[in-house]
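Each chain, written out:
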Amino acid sequence: MAAIYSLYIINKSGGLIFYKDYGLQGRMDTNDSLRLASLWHSMHAISQQLSPIHGCSGIELLEADTFDLHCFQSLTGTKFFVVSEPGTQNMENLLKHIYELYTDYVLKNPFYEMEMPIRCELFDINLAQAVQKERVSYLGR
């Protein structure tokens, strides 16, 4: 069983620019993934404003009975979040690695337009390798 169910990348305006489903069951359709991304963007923004801690960057981990949602926000406001099995560890490192892949293969691509959906083959290939590596290390634990 895979530790990672799905990956989302949301631009600073709350638009879903990348979605990849890794789960074998319960796949969401496009409209559901757009709704989830929009909802998460809103919840993240509200949590920043309501936090009693000055300089809070928003929700980083949401734990539920059937899944965990791990989030990383870049300095530019782009959010990367992974839905995974409950109790999955080291997702922060994976999210930072995905951010590095994003900067290397998407942002440096001269044909990519900012804030638009990501369609970059090198990003897809390297992302698949990173997720597979995470799955292998998860199964080894």
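Data block above holds the structure.
Since the structure is predicted, the reported quantities are computational estimates derived from the model, not experimental observations.

Quick notes on the packing of aromatic side chains
- Scanning the entire structure with this criterion turns up nine aromatic pairs.
- Judged by centre distance (4.6 Å) and plane angle (10°), the ring pair of Y8 and F81 falls under stacked. You can see Y8 sitting in strand β1 (residues 4–10) and its partner F81 sitting in strand β5 (residues 79–84), a full 73 residues away along the chain.
- For Y8, a relative accessible area of 0% gives the class buried.
- With centroids separated by 5.7 Å and ring planes inclined at 40°, the aromatic side chains of W40 and F81 adopt a geometry described as tilted. With W40 in helix α1 (residues 30–50) and F81 in strand β5, this residue pair connects regions lying 41 residues apart in the sequence.
- The buried category is assigned to F81, whose relative accessible area is 0%.

Structural notes on the pairing of strand β2 (residues 16–21)
- Where β1 meets β2, five bridges bridge the pair, whose relative direction is antiparallel. Pairing of I10 across the sheet is with L16, part of β2.
- The antiparallel hairpin formed by β1 and β2 contains five residues in its connecting segment, where G14 sits at a positive phi of about 95°.

How each quantity is defined
Residues numbered from 1 in each chain as written. Predicted model: local features only at pLDDT ≥ 70, side-chain atom pairs only at ≥ 80, totals over all residues. Heavy atoms only, no water. Phe/Tyr/Trp six-rings, centres within 6.5 Å; stacked < 30°, edge-to-face > 60°. Helix = DSSP H or I, 4+ residues; strand = E, 2+ residues; numbered from the N terminus. Buried < 20%, exposed > 50% of the residue type's maximum accessible area, 1.4 Å probe, protein only. Pairing = 2+ DSSP bridges.

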